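# A structural walkthrough
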Amino acid sequence: MESRVGDDKYRSTLEMANDGIVVVREGRIVLANRAFREMLGLDKMDVTGATLEDVLGPLTKHLRGDHERLTDWGAAGSSTFTLEIGRTSSQRRVVEVTTGPLVYDGTPAVVAVVHDITERVRLEAAMKESELKYKTLFNSSPIAYFTLTPSGTIKQANEAAYELLKYEEGELLRRNIRTFIVRPKEGPDVIQQVLDEVMQGKMVTDIEVEVRRSDGEKRWVSVTARVLPTAGQTREIAFMASDIHRRKVAERREREERARADLYLEVMTHDLNNVNQSLMLSLELLEQTVELPERAQEMLRQTTWSIRRSARMIANMRALMTLRDSPPPKEPFDLAHALQIALDAVENDYPWKSLRLNTNIAEGRFIARAHKYLVNVFLEILHNSMLFTDEDEACVDITASLDESTDRIRVEIVDRGPGVPDGLKEAIFRRTGEPSHQDVGRGLGLTVVDNIVRDLEGRIWVEDRVPGDHTQGARFVFEVPVWRPQRELPCGCDNCIKFYTSERCLFCRPTKDIVLAVMEEMGVPRRLITFVDVDDPSTGVDPDELPMLPTVKICDTELTGLVSDDQVRTALTALVLKPCCPL
């Protein structure tokens, strides 16, 4: 077929092409478009009449296979091949050449379309390099990595995964990850819950499970999982397992030791309390029935004092245990009632001293949202005022006031004893935690007071009675919430926040910790949250009616599963901005 490419209109069309087009006849170029010339850096030259080897540059001549392809262009009909061209190393290009026979001005010739694929080749090489790096990192990581299908089938596993589970290479593939997870006889299907959360787009971290190795040995791991970003519709899950077996063994031993210590403490507090009661009864009978000399009476008083002090220490230990394990519910508690009980106990402990008290606390005037341990707050502070006063009479002022803006009762207990130096104003409330952080050499009294006030969602601190001079006495200040009857909400709900939980729910505990932490951060009181145990039939809640567990309803916002800090913070912000929120 004869070509008409020599005509001007066809030449114009060839010049507009993005790919290089060249026509070769008897080894010489008879036509080359702009794209071809620019590809070689010869866009300002007329290459008509030049040979291909002269135009393509010396780089091509050194490539034996490419040189042979050049000389055979069009010899065997149409063909496509890849070629490296360039007059210098900096001009090197990788091109894809498609050739075919052509009749040019009545004479046989060869036409070639030259497509620059340099960038594509570079990207492919970069992808291969990246893939090699990923594969190296994947296999050299000390953490066990699995790639799973949404149903949990293993598609990939690195060397650490095979080492963790003690299987030979390839034996884990196409098996479900559940095969290797130790499922408790009672409890949730942990892996299923993890997969469900991940497929909703959430990242699951630090979920502790046991795996079973090929030899039957069990090993604790911490699981992190998330959806892998993919271009296609098939989604994959990245599943990572870190070996935490040693830590779990250490934690189990710690729990056993703590349980043993709690047992000893329970026995000690119970039995020692009985011993103290028996001793107190015997001493009281002795004091009432036997005439003793003055020296013996003094010894008897000292012994009685020591026993009372021992009993108070035991009571404080029991209070700490109760506050830690099962704090009593909050209810209306009259400050006057708590103060009177504390005054009676102090007078019994210090029969040789008198207490002159000035207070504005009257019966029914200040009702706190508290429990029976509020008595201990007054008792311990008054006890210290009596103990550290050298005079026969201790003068103490107790003033209470109600802050309507915060719904808190502020109580100030002021004495005229030796006071508290600035360096000890925080330490006196601390007798727990790291040994290096503890203020030793005293009882648990103020530590118990601090724990009680914090359990009541209040706070306590100490100041100087005379600012700047601690030797003039101390001012103990504590704040506790005032009792407010539960009012009916406009929405008809019994509370603003409802947290539906279950023992079978894997994410209930971490979600609960997140919700409570954000509530504390934002100053939202815990009284606004109600926990509903769906396992308890008396609640009347059908777990099947809930989307999943946990479910947290913060006003009209519903959060499910493992929630994030930001989700809770956003929902709580919307709650507190509502005019009906009972803050």
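Presented here is an overview of the structure given in this document. Residue numbers here run from 1 along each chain, matching the order of that chain's written sequence. Local features in this predicted model are restricted to residues of pLDDT 70 or higher, and side-chain atom pairs are both shown and tallied only at a pLDDT of 80 or more, whereas totals for entire chains, interfaces and linings draw on every residue. For the side-chain quantities, the full set of heavy atoms in the structure was used; hydrogens and water were omitted.

Turning next to a negative patch on the surface. Together, Glu-159, Glu-168, Glu-169 and Glu-171 line one region of the surface with negative charge. With respect to the element layout, Glu-168 can be found in the loop between helix 7 (159-165) and strand 9 (181-182). Distance thresholds for patches are 9 Å for like charges and 5 Å for nonpolar side chains (Val, Leu, Ile, Met, Phe, Trp, Tyr), applied to residues having over 30% relative accessible area and no salt bridge. The Shrake-Rupley method, run with a 1.4 Å probe, gives the accessible areas here. Residue values count only the displayed protein chains as cover. Put simply, a salt bridge is a Lys or Arg side-chain nitrogen that is within 4 Å of an Asp or Glu carboxyl oxygen. Under this rule, positive means Lys or Arg and negative means Asp or Glu; His and the chain ends count for nothing. Positions of charges follow a simple convention, taking NZ of Lys, CZ of Arg, CG of Asp or CD of Glu. Helix and strand labels come from DSSP, where a helix needs a run of H or I of at least four residues and a strand needs a run of E of at least two; each type is numbered from the N terminus.

Attention shifts here to the sheet that holds strand 16 (residues 393-403). Pairing in this open sheet of 5 strands is mixed, and the strands run 14-16-17-19-18 from one edge to the other. One side of each edge strand has no neighbouring strand; the edge strands of this open sheet are strand 14 (354-359) and strand 18 (459-466). When the angles between neighbouring strand axes are averaged without regard to direction, this sheet yields 25°. Here a strand pair is declared whenever DSSP counts at least two bridges between the two strands. Here strand 14 runs beside strand 16; their pairing, made up of 6 bridges, is parallel. Opposite Leu-357, over in strand 16, you have Val-396 as the bridge partner. Only the stretch in contact is used when fitting a helix axis, every axis being a line fitted to C-alpha atoms; angles between N-to-C directions are given from 0 to 180 degrees.

Here the focus is empty space enclosed by the protein. In this analysis a 1.4 Å probe is tested at points of a 1 Å grid over the protein atoms alone, and where it fits but cannot get out there is a cavity; an open set with protein on both sides within 12 Å along at least five of seven lines is a pocket; lining residues have an atom within 4 Å of a point. Grid points are joined across faces, edges and corners, and a volume is the space filled by probe spheres set on the points. The full count for this structure, using the stated rule, is 2 cavities of 30 Å³ or more. By volume, the largest cavity is sized at about 60 Å³. If you go around the largest cavity, the residues you meet are Phe-146, Leu-164, Leu-165, Ile-177, Phe-180, Ile-181, Val-209, Val-211, Val-221, Val-223, Phe-239 and Ala-241.

At a minimum axis distance of 13 Å, the contact between helix 10 (residues 294-325) and helix 12 (residues 374-387) shows a crossing angle of 145°. Crossing of helix 10 against helix 12: the hand is left-handed. Side by side, helix 10 and helix 12 meet where Trp-305, Arg-312 and Asn-316 of the first sit next to Asn-376, Leu-379, Glu-380, His-383 and Leu-387 of the second. All residues other than Ala, Val, Leu, Ile, Met, Phe, Trp, Tyr, Cys, Pro, Asp, Glu, Lys and Arg, Gly among them, are scored as polar; the first ten of these are nonpolar and the last four charged. Residue composition of the contact of helix 10 with helix 12, grouped by class: 3 nonpolar, 3 polar and 2 charged. In this scheme, a crossing is called left-handed if the near helix is turned counterclockwise away from the far one by less than a right angle; it is called right-handed if the turn is clockwise. We call two residues in contact whenever any of their non-hydrogen atoms come within 4.5 Å of each other.

Attention now moves to the sheet that holds strand 10 (residues 204-212). Across the sheet, 6 strands lie side by side as 8-7-12-11-10-9; this open sheet has antiparallel pairing. Looking along the sheet, the strands with just one partner apiece sit at the ends: strand 8 (154-157) and strand 9. In this sheet, strand 11 (residues 218-228) lies alongside strand 10 in antiparallel orientation, the contact comprising 7 bridges. Bridge assignment links Val-204 to a residue of strand 11, and that residue is Ala-225. Contacting strand 7 (144-148), strand 9, strand 10, strand 11 and strand 12 (236-243), helix 8 (residues 190-199) crosses the sheet at an angle of about 150° to strand 10.

Contact geometry of helix 11 (residues 335-349) with helix 12 gives a least axis separation of 8 Å together with a crossing angle of 40°. Classified by the angle between their axes, helix 11 and helix 12 sit oblique to one another. Note on packing geometry: the crossing formed by helix 11 with helix 12 is right-handed. On helix 12, the residues that touch Leu-335, Ala-338, Leu-339, Ile-341, Ala-342, Leu-343, Ala-345, Val-346 and Asp-349 of helix 11 are Leu-374, Val-375, Phe-378, Leu-379, Leu-382, His-383 and Met-386. Of the residues contributing to the contact of helix 11 with helix 12, the split by class is 14 nonpolar, 1 polar and 1 charged. Oblique is the label for any angle not covered by the other classes, which are roughly parallel (under 35 degrees), roughly antiparallel (over 145) and roughly perpendicular (65 to 115).

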